[in-house]
Amino acid sequence: MNLTLEPTTLTKPAMLGRKLKLLAITSELPWPLNTGGHLRTFHLMKSLAKRFDVRLIAGVDAADDAGVKVLHEHGINVRPAVNPPRTKLAEIRRIAKAALKFEPYVMFHRHNRPAVRAAVMEELRHDSPDVVYLDHVDPFAFRPLFPRATIITDLHNVYSKLTARVADERRGLAHWYLWREAKLLERVERSIARQSAALMTVSAEEQSEFAALGNQHVHLVPNGVDCSAYSHLPVGRKADRPVLLYLGALSWQPNAKAADFLACEVIPVVRQQHPDAVLKLVGRNPGPEVLALRDLPGVEVHANVPDVGVYLAEATLLTVALDSGGGTRLKILEAFAAGLPVVSTPVGCEGIDCQHGRELWIADRDKFVQAALDALSAPQLAAEFAERGRQLALAQYDWSAIGERACEAVEQAATVDVL
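Peer 1: Can you explain the pattern of salt bridges? Please cite residues and give values.
Peer 2: Applying the stated criterion across every chain, the model contains 20 salt bridges. For the salt bridge of Asp 323 with Lys 257, the shortest nitrogen-to-oxygen distance reads 3.6 Å. Here Asp 323 is found in the loop between β11 (317–320) and α11 (330–337), whereas its partner Lys 257 is found in helix α8 (residues 253–273), with 66 residues between them in sequence. One salt bridge connects Glu 359 with Arg 358, and the closest N-O pair in it is separated by 2.4 Å. Judged by relative accessible area, Glu 359 falls into the buried class, the value being 4%. The network of salt bridges with common partners includes Glu 169, Lys 257, Asp 323 and Arg 365.

Right, here's the structure in full:
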């Protein structure tokens, strides 16, 4: 089984003397660059648009002329599909429809929006693509619209596994519902693996998992970081007071749990040795529980900030206290590129080729506080770890190199016949 990117001789568009035509579909416009998904989609589309004739259909919740303009300026030919505002009644209907069809609502049917479907149908009437690029799992809902097309799917995460992890943390009806959703997502992932000419995954572990589903062309295209954006920042941090930083979409339950752990169990102990230490929780759409944490001593919550670079520059330590989730943590790659020391749980740094005692401290929850204290008490060692982290980001995770991997995967997909 070939799981790596091998040199490929094209037998279709390249032989015709034209660019390969790529129709990409994603559930939401990859702008602004305020989520890991947006960052990955934007940078990969930017690279793909340099080599191929790319048309991107992206769902938007309202007319977003500014975001569309930015994408066009980067060579991404985007067609926005304007979705009406979500309502509780409409989502209940969508959940019920998914249940009746034995389809997952989570990460799938929730994004099966009529406006996006109509845009896909219109594009297919206009022209036939050489390859259809599905960004995430959910655009597979539109598969019946292009039954004979060559497909490549960027999976971002093993969503069935991610949902199962969250289900294990819940009780009662929520546990049962999420467990069922995980099983339905697993079935969708199997269908995607069977019907796609090629798959892209973000880590070696996920590459192996999807290869086990039977696809012969599973490409490792990891998450990345724009190293040049952080190259001006110093390695290590010399600060008047320790600043612990956590980055992430704070509306997402695993991030909210990590924020609560840091605010209630980590920063109080750190402040016993460093009374002026502060924890900064930075991310999108924090719920009431996360916002309430700012009432605790030494805790700040910064919601929906325009630029996380400011917080990476002033922090002493990135603390990634996740105990569930999936994929590759862009927040750690950003910290590496920014020269910021990192303490992470094993789950927090999944998918990154890093090691405890080389680029960062890795500690389970029960030893996390001590790892943070060790990092704060050894600034020279922390700077050495941070320098190795920066070199790792430059060597393996810069978006320019990762974009080339994505291009090669698409080119190979164009030559694959799927039964």
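Peer 1: Got a sec to walk through the state of the cysteines? Specific residues and values, please.
Peer 2: Scanning all chains against the criterion turns up zero disulfides. Here Cys 227 is not disulfide-linked; the sulfur of Cys 354 is the nearest cysteine sulfur, at 14 Å. The exposure class assigned to Cys 227 is buried, which follows from its relative accessible area of 5%.

Peer 1: Describe in detail the sheet that holds strand β3 (residues 77–82), supporting the description with residues and values.
Peer 2: Judged by pairing direction, the sheet is parallel, and its seven strands sit side by side in the order β3-β2-β1-β4-β5-β6-β7 without closing on themselves. Each of the sheet's edge strands pairs with one partner strand only, and the pair in question is β3 and β7 (218–220). Along the sheet, successive strands turn relative to each other by an average axial angle of 20°, direction set aside. In this structure, strand β1 (residues 21–26) lies alongside strand β2 (residues 53–60), joined through six bridges in parallel fashion.

Peer 1: Please give an account of the packing of helix α1 (residues 36–51) against helix α14 (residues 399–413) that cites residues and values.
Peer 2: At a minimum axis separation of 9 Å, α1 and α14 run at an interaxial angle of 65°. When the axes of α1 and α14 are compared, the crossing they make is right-handed. Contacts between α1 and α14 involve Leu 39, Arg 40, His 43, Leu 44, Ser 47, Leu 48 and Arg 51 from the former and Trp 399, Ile 402, Gly 403, Glu 404, Ala 406, Cys 407, Glu 408, Val 410 and Glu 411 from the latter. For the contact of α1 with α14, a count of residues per class yields eight nonpolar, three polar and five charged.

Peer 1: Please give an account of the environment of Leu 312 that cites residues and values.
Peer 2: Take Leu 312: it is sitting in helix α10 (residues 309–314). A sequence separation of 89 residues divides Leu 312 from Ala 401, and the C-alpha atoms of the two residues are 23 Å apart. In contact with Leu 312, other than residues within four places in its own chain, are Tyr 230, Arg 237, Leu 245, Leu 247, Glu 334, Ala 335, Ala 338 and Leu 340.

Peer 1: So, the side chain of Arg 40: which residues are in play, and what are the values?
Peer 2: Relative to the helices and strands, Arg 40 is located in helix α1. By relative accessible area, Arg 40 is classed as buried at 1%. There is a polar contact of 2.9 Å between the side chain of Arg 40 and the side chain of Asp 154. Leaving out residues up to four positions away in the same chain, Arg 40 has contacts with Asp 154, His 156, Met 200, Thr 201, Val 202, Val 221, Pro 222, Asn 223 and Trp 399.

Peer 1: Which residues make up the nonpolar core, and what values go with them?
Peer 2: Membership of the largest hydrophobic core comes to 99 residues, with the highest contact counts inside it found for Leu 22, Leu 48, Tyr 133, Ile 152, Leu 245 and Leu 318. When residues of this core are assigned to their parent elements, the largest contribution, eight residues, is made by α8. Within the second largest apolar cluster, 27 residues are counted, among which are Ala 81, Leu 155, Leu 185 and Val 188.

Peer 1: Kindly report on the sheet that holds strand β13 (residues 361–362), identifying the contributing residues and their values.
Peer 2: Ordered by their spatial adjacency, six strands build an open sheet running β10-β9-β8-β11-β12-β13, and the pairing between neighbours is parallel. For this open sheet the edge positions go to β10 (299–303) and β13, each flanked by a neighbour on one side alone. Where β11 meets strand β12 (residues 342–344), three bridges bridge the pair, whose relative direction is parallel. Of the residues in β12, the one forming a bridge with Thr 319 is Val 343.

Peer 1: Break down α14 for me, citing the residues and quoting the values.
Peer 2: One turn of an α-helix holds 3.6 residues; hence residues three or four places apart share an orientation. The end-to-end C-alpha distance of α14, which contains 15 residues, comes to 21 Å, matching closely the 21 Å that a straight helix rising 1.5 Å per residue would cover. Taken together, the buried positions of α14 are Trp 399, Ile 402, Gly 403, Ala 406, Cys 407, Ala 409, Val 410, Gln 412 and Ala 413.

Parameters at a glance
- Residues numbered from 1 in each chain as written.
- Predicted model: local features only at pLDDT ≥ 70, side-chain atom pairs only at ≥ 80, totals over all residues.
- Heavy atoms only, no water.
- Salt bridge = Lys/Arg side-chain N within 4 Å of Asp/Glu carboxyl O.
- Helix = DSSP H or I, 4+ residues; strand = E, 2+ residues; numbered from the N terminus.
- Buried < 20%, exposed > 50% of the residue type's maximum accessible area, 1.4 Å probe, protein only.
- Disulfide = S-S within 2.5 Å.
- Pairing = 2+ DSSP bridges.
- Axes fitted to C-alpha atoms, helices over the stretch in contact; angles between N-to-C directions.
- Left-handed = near helix turned anticlockwise from the far one by under 90°.
- Contact = heavy atoms within 4.5 Å.
- Nonpolar A, V, L, I, M, F, W, Y, C, P; charged D, E, K, R; others polar.
- Polar contact = N/O pair within 3.5 Å; in protein donor to acceptor, adjacent residues only side chain to side chain.
- Core = buried A, V, L, I, M, F, W, Y, C linked by side-chain atoms within 4.5 Å.
- Expected span 1.5 Å × (residues − 1).

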